[in-house]
Amino acid sequence: MSIGYTLLDAKYEGDKVTLFYLSDDGEIEQWLDNEDYYPYFYTLDEGSLEGARAQGCKIVSESKRELFSDLKKEFYKISAKEETLSKVKMMFTHVWEDEVQTVEKYAFDKGMRFGMGCQRLGERTRLEDVNTEVFDKTFDELLETDPVKYNFIKRFFEVIEQPLPEISENTASRYGYDMERMLEALYLSRITNSPITFRNAPPSYFIKALYYLNLKSEGYVIPTPEEFSRSESPRGVYGKAALVLKPEKGIFLNTYVLDYESLYPSCIDVYNLSHETVNCGHEQCLDNKVPEEEHHICTIRRGKYSTIIGALKDLRIKYYKKKARNNGRTSKVVSDVLKMILVICYGVTIRIRGLSNPALAESITAYSRHALKTAWKYATEIGLKPLYGDTDSLFLVNPQSKQLQTLIERVKKELKLDLAVDKKYKVCVFSSAKKAYLGIFENGKVDPKGLTAFKSNTPNFVKKVLEETAVELSKINALEDIPIVRRRILQLLKSRERLLLERRFEVEDMAFNVILHKKPSEIIESNVYAQPYQCAIQLIDEGIRLRRKQILTFAKVKAFNYKGKRFSVKPIDRVNKDEINVPDYISNMYSMMNQVLEPLGIGKGAAKNEYDTLTRWFKESDTQS
Ligand SMILES: [Zn+2]
């Protein structure tokens, strides 16, 4: 079937719009709209209309709805050449939609949609009928329970399901993509109605494009950034954003990890969280309090942000993710694109101008924390043993499947959220640090989370010992096995210590890999050298040119004098085996593995301050990058 022309991109120059299409036979075709097109803004301010007219602006009146009051008002739409419009804008105290890109306004006004097809160049987008059999089965019940969201889902579905144009390697590379990325870009373009070349735009741009398009389609004037934020500046919500319930230290068998799928988008959807529904003006909504916050949520209007995000989330989880599992390649791409949008739907409400709203951001995290706490509470009430909770996941020790069922059902009923078993560890080692544990699956595979020793900068020697330790841990089948395995691990550590003392190792396995975060010139100027910089200085002195972000590979050696300073590392290929600082590596081995050994009661006090310094350095560098 002929798709015709797929609109990919647009350019605005000299009052004219040029459109770029992908034709049926894979060619890029340009089309210039001969008619002049002028950008515009909306205003309610009558006082300056005469002045604008005198400048040559075209003024028409248009009936638009305000998002926050939901009232229809007569707005003045003022359009003119770009330069004129930006001058005229100053005469008005309050303008709307001034920040929307001209090509987007053009596409909207002309009924065109990026990433979509039309029969002739310059025509409106034409939607083909799509197969809705599975869609209907999946979403029909929403028609009754949430018709507003149903309509959004259906609209997105029809857009996504339109036939795809033929994409050649050639076309993709013209836009700087490979085939896979081109397909992603095309779907992102479709869903958010934005030109395909906007790939360098920040992710928040796509949420804005998506949100604004849908508000405009429903006859709303897009609120200004100040209205969106209710004139509140961003607040530091990070501190209590996500809830982490402290783990119990130790080794646990048969641990289930339960996850809330898409927790933030789900809370946005289920609890009706949107810019206009948080702290709405209705008297009767005051009682619908956000847990542990002063905010309340509207019980009368269905929030726009809430429904748009909810619709995309439902489409991903209930439709495309499932289809992707059955080897649907394009479904996988759609699912990934939707995920990209969903992942940032909370973050943008914190501090992205034009989307941010502190009360909304706080409400999203408040409901998320509430979800985790409540699941923990319910679990305890039915006799389960919750071990650890982090943001959207809950760890339960040795649950009965019937108990799990009860928990999941109760959460669904009371919180309207989907909790599901994500994974199951045969053995799970918890250190006392939050966000750091070692999970070992039934098949012996290791799942290290937040453990320093598994980072890429750890020397191979230590990594190997850690892997061997994990193999021992995976042999624990019952609590009685723990002392035996503990003894075996102790023996293992002692034997590796001996290898070090007898210098039976490869120098390469002693290497630390660290990214250089400073410019070489800054290093030369400084006077105190952290170990990675000691390595850098030696390389620079040898005439080697270093770049920022380059990886430095060095080993710890016995202290030596270097240009009047005490140095303790050398670039790896300058290191002689005899120079290796063995006592350091021994204490490193214990301290880097401490998060695993501590719960076993091994190696307490083995950590040396020197290693901590390096750890801190890694952390500081991480935050700089
Ligand atoms: Zn209300």
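Just so you know, the residues in each chain are numbered from 1, in the order the chain's sequence is written. Thresholds applied to this predicted model are a pLDDT of at least 70 for local features of residues and 80 or more for the giving and counting of side-chain atom pairs; totals over whole chains, interfaces and linings are not thresholded and use all residues.

Enquirer: Honestly, the overall build of the protein chain in this entry has me stumped. Any pointers?
Expert: The helix and strand labels rest on DSSP assignments: H or I over at least four residues marks a helix, E over at least two residues marks a strand, and numbering proceeds from the N terminus. Helix and strand content of the protein chain: 23 helices and 19 strands. By principal-axis analysis of the C-alpha atoms, the protein chain measures approximately 90 × 65 × 50 Å. A residue is called partly exposed when the number of other C-beta atoms within 10 Å of its own lies between 12 and 20, exposed at 12 or fewer, and buried at 20 or more, with C-beta atoms placed from the backbone. For the protein chain, the residues scored as buried account for 37% of the 625 residues in total. Think of it this way: build a C-beta for each residue from its backbone, and any pair within 7 Å is a contact. In the protein chain, 64% of the contacts between residues at least 6 apart in sequence involve partners at least 24 apart.

Enquirer: Whenever I open this one, the packing of helix α9 (residues 203–217) against helix α13 (residues 329–344) confuses me. Can you help?
Expert: Any two packed helices are characterised by the angle at which their axes cross and by the distance between the axes. The interhelical angle for the contact between α9 and α13, taken along N-to-C directions, is 95°, at an axis separation of 10 Å. Classified by the angle their axes make, α9 and α13 are roughly perpendicular. On the side of α9, the interface is formed by Pro203, Ser204, Phe206 and Ile207, while α13 contributes Met340, Ile341 and Ile344. Residue composition of the contact of α9 with α13, grouped by class: six nonpolar, one polar and no charged. Working convention: axes come from line fits to C-alpha atoms, limited for helices to the stretch in contact. Angles between N-to-C directions cover 0 to 180 degrees. Note that the term roughly parallel is reserved for angles under 35 degrees, roughly antiparallel for angles over 145, roughly perpendicular for angles of 65 to 115, and oblique for everything else. Each residue gets one of three labels, nonpolar for Ala, Val, Leu, Ile, Met, Phe, Trp, Tyr, Cys and Pro, charged for Asp, Glu, Lys and Arg, and polar for the others, Gly among them.

Enquirer: What am I meant to see in the nonpolar core here?
Expert: The nonpolar side chains of a soluble globular protein tend to be buried, and buried together. Within the largest apolar cluster, 152 residues are counted, with the highest numbers of intra-cluster contacts made by Cys267, Leu312, Cys345, Ile364, Ala371, Val429 and Met593. A total of 11 residues in this core trace back to one element, the largest contributor, which is helix α15 (residues 358–381). Setting aside anything within four residues of it in sequence, one finds cysteine 345 in contact with Ile207, Tyr264, Pro265, Ile268 and Ile309. Working definition: the nonpolar core is a set of buried Ala, Val, Leu, Ile, Met, Phe, Trp, Tyr and Cys residues, joined through C-beta atoms within 7 Å.

Enquirer: Would you mind going over the sheet that holds strand β2 (residues 16–22) with me for this structure?
Expert: Strand-to-strand pairing in sheets goes through backbone hydrogen bonds, with the strands running parallel or antiparallel. With respect to topology, four strands assemble into an open sheet ordered β3-β2-β1-β8, the strand pairing being antiparallel. Strands at the two margins of the open sheet, each flanked by one partner only, are β3 (28–32) and β8 (117–118). The pairing of strand β1 (residues 5–13) with β8 spans two bridges and is antiparallel. What sits directly across from threonine 6, in β8, is glycine 117. Running at roughly 130° to β1, helix α3 (residues 102–109) makes contact with β1 and β2 of the sheet. Strand pairing is defined by DSSP finding a minimum of two bridges between the two strands.

Enquirer: Which parts of the structure should I look at to understand the confidence of the model for the protein chain?
Expert: Residues shown with low pLDDT carry predicted positions that ought not to be read at fine detail. Per-residue confidence from the prediction method is given by pLDDT, with values spanning 0 to 100. Counting all residues, the mean pLDDT for the protein chain is 90, and 95% of those residues have values of 70 or more. Here helix α23 (residues 609–624) stands out as the least confident element of the protein chain, with mean pLDDT 40; helix α11 (residues 263–270) is the most confident, with 98. Throughout residues 604–625 the model reports pLDDT below 50, and contacts reaching past four residues in sequence, or to other chains, amount to 24 contacts.

Enquirer: Just checking my understanding: could you explain the pairing of strand β14 (residues 419–430) for this structure?
Expert: In summary, the side chains of a regular strand alternate between the two faces of the sheet. Relative to β14, strand β11 (residues 250–260) runs antiparallel, the two sharing 10 bridges. Its bridge partner being in β14, tyrosine 256 is matched across the sheet by lysine 424. Pairing geometry for β14 and strand β15 (residues 437–440), over four bridges, is antiparallel. For valine 429, the partnering residue across the bridge sits in β15 and is leucine 438. Counting the residues between successive antiparallel strands, the hairpin from β14 to β15 contains six residues, one of them, lysine 435, with a positive phi of roughly 60°.

Enquirer: Mind showing me how you'd approach the sheet that holds strand β19 (residues 565–571) here?
Expert: Pairing within the open sheet is antiparallel, and its three strands lie in the order β17-β18-β19. Only two strands of the sheet have a single partner each, and these edge strands are β17 (512–515) and β19. Across this sheet, the average inter-strand angle for adjacent strands is 55°, counted without regard to direction. Bridge analysis of β17 against strand β18 (residues 551–562) gives four bridges, and the strand direction is antiparallel. Residue pairing in the sheet places isoleucine 515 in a bridge with isoleucine 551 of β18. Contacts from helix α20 (residues 531–541) reach β17, β18 and β19, with the element oriented near 80° to β19.

Enquirer: So what exactly am I meant to see when it comes to helix α18 (residues 481–501) here?
Expert: Each full turn of the α-helix corresponds to 3.6 residues, which orients residues three or four apart in the same direction. One less than the number of residues in a helix, times 1.5 Å, gives the span that helix is expected to have. Taking 1.5 Å per residue, 21 residues should reach 30 Å; α18 reaches 30 Å between its end C-alpha atoms and fits that length. Just downstream of α18 lies arginine 503, where phi reads positive at about 55°.

Enquirer: Quick question: what am I supposed to make of the environment of glutamine 403 here?
Expert: Take glutamine 403: it is sitting in helix α16 (residues 401–415). Residue contacts for glutamine 403: discarding those within four places in its chain leaves Ile382, Gly383 and Leu384.

Enquirer: Can you walk me through the environment of phenylalanine 228 in this structure?
Expert: Within the secondary structure, phenylalanine 228 sits in helix α10 (residues 225–228). Look at phenylalanine 228 and you get buried, because 25 C-beta atoms sit within 10 Å. Sequence spacing of phenylalanine 228 and asparagine 594 is 366 residues, and the spatial spacing of their C-alpha atoms is 48 Å. Discounting residues that sit within four places of it in the chain, phenylalanine 228 has contacts with Pro223, His275, Gly354, Leu355, Ser356 and Asn357.

Enquirer: Hey, could you run me through the domain arrangement of the protein chain in this one?
Expert: Accessible area lost when the parts come together is the quantity often used to give the size of an interface. For the domains described, the bounds stem from an automatic or database domain assignment. Here the protein chain is described as being made up of domain 1 (5–127 + 162–223), domain 2 (238–439), domain 3 (440–501) and domain 4 (507–624). Once you take the C-alpha centre of each, domain 1 and domain 2 turn out to be 34 Å apart. Tallying the contact residues gives 18 residues for domain 1 and 18 residues for domain 2. Looking at the side of domain 1 that touches domain 2, the elements with two or more residues in it are α8 (179–192) and α9. Here the side of domain 1 that touches domain 2 takes nine residues from α9, the largest share from any one element. For the side of domain 1 that touches domain 2, the class distribution of residues is 12 nonpolar, two polar and four charged.

Enquirer: Is there a simple way to think about α20 in this case?
Expert: Inspection of α20 places Pro532, Tyr533, Gln534, Cys535, Ala536 and Ile537 among the buried residues, and these make up the whole buried set. Taken together, the buried residues of α20 touch β17, α19 (520–525), β18 and β19. Note on α20: the residue one or two positions beyond its end, glycine 543, has a positive phi of about 90°.

Enquirer: So what exactly am I meant to see when it comes to the pairing of β2 here?
Expert: In terms of strand pairing, β1 meets β2 through seven bridges, oriented antiparallel. Residue pairing across strands places tyrosine 12 opposite valine 17, the latter belonging to β2. As consecutive antiparallel partners, β1 and β2 are separated by two residues, and within that stretch glycine 14 has a phi angle of approximately 55°, a positive value. Both β2 and β3 contribute to a ladder of five bridges, which runs antiparallel. If you follow leucine 22 over to β3, its bridge partner there is isoleucine 28. Linking two consecutive strands that pair antiparallel, namely β2 and β3, is a turn of five residues; a positive phi of about 85° is found at glycine 26 within it.

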